[in-house]
Amino acid sequence: MSLPVDRLKNSKSHCLQAIIFVLKSSHSKNSPRWYLGIMHRILSNSISQLKRLALASGLSVAVFLSLPETLQADDAVKLKSSTPFDFDEDGDQDILDADSSDGNLYLLRNSGLNFSKELLLSPNFDADLVGVNDVDDDGDIDIVILDKDMGDFQVIENQGSQNFIPQGWEEIDPFAQSSVDQAFLSDVDQDGDSDLVYSTPNAVGWAKNNGSDGFAVQPSLVSTLPIGALEVEDLDGDGRDDAYFSFNNAMGTTIGFAKNQGSEGFSPMTVNTATGPQVGPFNVSDLEIADLDSDGKNDLVYSSDTSSAIGWLKNNGSDGFLPASTLASGITSVDQIEIADLDNDSDLDIIAASSDSNFKAWLENDGTDGFTPVQLN
C-alpha cells in the first residue's frame, strides 16, 4: 500500500531534521564515545526510516532521496542561524550558515555527508539569521538573510543553475528602526508569495511581499507588549497561518495570538492577550506548534531558559488550550527546541538545546503524553 505524498514529505522532513541535528551536534573532535554513539543511533534510525518510506511508497531508495525539498510560499519558514537547503540540487541537503561572528553567509556543501565550507556572501550588514522560501513566486527557492540588531534584510534571488543574485538590502521598518528578535517567511495574505512576520522587543509585525524581492511594512499585529518567543503556523487547521507569541505581564508569562481571519492577512484579526493561557512565572525562550499527542490537533510546546524546563499546552479543540504542564525540567538554560520523530516510532519527540551551555537533550515521547529526557552531552 502506497503512502500519501504529503505524509511522505512530512516524514522525510522529520528524518532530515534529525540528520541535520546530528551533523550540527557532532562536529567536535573531542566528543566522548558515548555521545557519538547516541548521535550515530539517531542518524541510523533516520536513514532507516527513509529507506522504509521509500519501499512503502513503491519508490527506490535513490529516487526517494532525490525528491526535491519543495517549499510552497504558504509553508511558514523560521529564519535561523543555520538551515538545511539543497543549494546545488543534487539531492543532498546542504547547510546555509549565517555566521554572526563575522556577519557573512556561508554554504556548507554536502558531498556524501562530507561538508566543505564556502563563502556565499559578505553583505553590507551582519547576517544573523537565514531562511529559504519561494519569495518571488517563480517556482524556485530563494534565500533571505536578516540582521537582528539593525532589522535589515536582503533577498538572494534564485535564478536557477546555482545562480543566486543578491538584491538590494532594506530595513524591515525604517520608521521604527528597531531590532528584530525572530522572523518567519509565510504567505499570510494568501496571494501566492511569502510575506515576513517578525517580532521586536515590544511588538509583532508583518511586512507584505511587494512582488519585487522586497516587503512593505503593514500595521503591527501587536504593540506595546514585552514580546518573547514567536511562532507562525496554522494551529487551527483553517489553512491560514496564525501568529503565536509569549509576553510577560503581572500574572507571569502569557501566550497571546493573532488569529488570521483572511482578507489581507491578519486584518481583521483577534488578538488574544488578556485571556491567553498562562504559562508560569518565567521567561519563554522558544515556541513550537505540533500535534504532540497525535490526536489530530496542534499543540503548543515551549521552552524556558530561566527555569530550565520544557512544557506544553494541549489543544482543547475549541481554539483554546488546557492549562500548561511541564514535560521536563533540569535542562540547563534551554532556549531552543525542535520537534521530530527521532526514534522512528510514529510519534513526535522534542529536541532541546542551550546556546549558552552547549547542552543538548531529546525528550522521548512514550505515546501517552509522557516524555523521558535523554541527555546528549
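Preceding block: the structure.
Figured I'd write up the structure that's included with this text. Quick caveat: nothing in here was measured; it's all calculated off a predicted structure. (Residues numbered from 1 in each chain as written. Predicted model: local features only at pLDDT ≥ 70, side-chain atom pairs only at ≥ 80, totals over all residues. Heavy atoms only, no water.)

## Focus: the overall build of the protein
In step 1: Along its length, the protein carries 3 helices and 28 strands.
In step 2: For the protein, restricting intrachain contacts to residue pairs at least 6 apart in sequence, the fraction spanning at least 24 positions comes to 40%.
In step 3: When the accessible surface of the protein is summed, it comes to about 16500 Å², and 49% of that surface belongs to carbon and sulfur atoms. (Helix = DSSP H or I, 4+ residues; strand = E, 2+ residues; numbered from the N terminus. Contact = heavy atoms within 4.5 Å. Areas by Shrake-Rupley, 256 points an atom, 1.4 Å probe, with all protein chains shown as cover.)

## Observations concerning the pairing of strand E23 (residues 309–313)
One face of the sheet, then the other: side chains in a regular strand alternate in exactly this way.
In step 1: By the criterion of burial, E23 is predominantly enclosed, with 5 of the 5 residues buried.
In step 2: Neither face of E23 is open: one carries Ala 309, Gly 311 and Leu 313, the other Ile 310 and Trp 312, and all of them are buried.
In step 3: Strand direction decides the pairing type here: strand E22 (residues 299–304) and E23, joined by 5 bridges, are antiparallel. Following the sheet pairing, Leu 300 is matched in E23 by Leu 313.
In step 4: Two successive antiparallel strands, E22 and E23, enclose a turn made up of 4 residues, where Ser 308 displays a positive phi of approximately 55°.
In step 5: As judged from the 4 bridges shared by E23 and strand E24 (residues 325–329), these two strands associate in the antiparallel manner. Residue pairing across strands places Gly 311 opposite Thr 326, the latter belonging to E24. (Buried < 20%, exposed > 50% of the residue type's maximum accessible area, 1.4 Å probe, protein only. Pairing = 2+ DSSP bridges.)

## Notes on a negative patch on the surface
In step 1: On the surface, Asp 345, Glu 364, Asp 366 and Asp 369 cluster together into a negatively charged patch.
In step 2: Along the polypeptide, Asp 366 turns up in the loop between strand E27 (360–365) and strand E28 (371–375).
In step 3: Here Asp 366 falls in the partly exposed class, since its relative accessible area comes to 44%. (Patch = residues over 30% accessible without salt bridge, like charges linked within 9 Å, V, L, I, M, F, W, Y side chains within 5 Å. Salt bridge = Lys/Arg side-chain N within 4 Å of Asp/Glu carboxyl O. Lys, Arg positive; Asp, Glu negative; His and termini not counted. Charge placed at Lys NZ, Arg CZ, Asp CG, Glu CD.)

## Quick word on the side chain of Asp 293
In step 1: If you trace the backbone, Asp 293 turns up in the loop between strand E21 (286–290) and E22.
In step 2: Judged by relative accessible area, Asp 293 falls into the buried class, the value being 16%.
In step 3: Those residues in contact with Asp 293 that lie beyond four places of it in its chain are Asp 299, Trp 312, Lys 314 and Asp 369.

## Remarks on the sheet that holds strand E3 (residues 94–99)
In step 1: In spatial order, the strands read E2-E3-E4-E5; together these 4 strands make up an open sheet with antiparallel pairing. Either end of the sheet is taken by a strand with one partner, and the two such strands are strand E2 (82–85) and strand E5 (114–121). Along the sheet, successive strands turn relative to each other by an average axial angle of 25°, direction set aside.
In step 2: In this sheet, strand E4 (residues 104–111) lies alongside E3 in antiparallel orientation, the contact comprising 5 bridges. (Axes fitted to C-alpha atoms, helices over the stretch in contact; angles between N-to-C directions.)

## What about the pattern of salt bridges?
Between side chains of opposite charge, a pair can form when the charged atoms approach closely.
In step 1: Under the definition given, this model contains 11 salt bridges.
In step 2: Of the charged contacts, one joins Lys 80 and Glu 338 as a salt bridge, the two residues approaching to 2.0 Å between their closest N and O atoms. Residue Lys 80 is found in the loop between strand E1 (77–78) and E2, and its partner Glu 338 is found in strand E25 (residues 336–340); the two are separated by 258 residues along the sequence.
In step 3: The class for Glu 338 is partly exposed, based on a relative accessible area of 27%.
In step 4: Among the salt bridges present, the one from Asp 238 reaches Lys 259, with a minimum N-O distance of 3.8 Å. Of this pair, Asp 238 sits in the loop between strand E16 (227–233) and strand E17 (242–249) while Lys 259 sits in strand E18 (residues 252–260); the two residues are 21 residues apart in sequence, bridging distant segments of the chain.
In step 5: Look at the salt bridges and you will find they share partners, linking Asp 293, Asp 295, Lys 297 and Lys 314 into a network.

## Notes on the sheet that holds E24
Two orientations exist for strands paired in a sheet by backbone hydrogen bonds: parallel and antiparallel.
In step 1: Read across the open sheet, the 4 strands follow the order E21-E22-E23-E24; overall the sheet is antiparallel. Either end of the sheet is taken by a strand with one partner, and the two such strands are E21 and E24. In this sheet, neighbouring strand axes are inclined to one another by 25° on average, regardless of whether the strands run parallel or antiparallel.

## Points about the packing of aromatic side chains
In step 1: Enumeration according to the criterion identifies 8 aromatic pairs in this entry.
In step 2: Centroid distance Phe 85 to Phe 164: 6.2 Å. Interplanar angle 90°. Geometry classified as edge-to-face. Here Phe 164 lies in strand E9 (residues 164–166) and Phe 85 lies in strand E2, a separation of 79 residues in the sequence. Residue Phe 85 shares its accessibility class with Phe 164, and that shared class is buried.
In step 3: Relative to Phe 321, the ring of Tyr 244 has its centre 6.4 Å away and its plane inclined at 90°; by these criteria the two rings are edge-to-face. Here Tyr 244, found in strand E17, pairs with Phe 321, found in the loop between E23 and E24; they are 77 residues apart in sequence, far enough to count as distant. For the pair formed by Tyr 244 and Phe 321, the shared burial category is buried. (Phe/Tyr/Trp six-rings, centres within 6.5 Å; stacked < 30°, edge-to-face > 60°.)

## Focus: the side chain of Glu 231
In step 1: Within the secondary structure, Glu 231 is located in strand E16.
In step 2: Notably, Glu 231 is buried but unbridged: the nearest opposite-charge side chain belongs to Lys 78, and the N-O separation is 5.2 Å.

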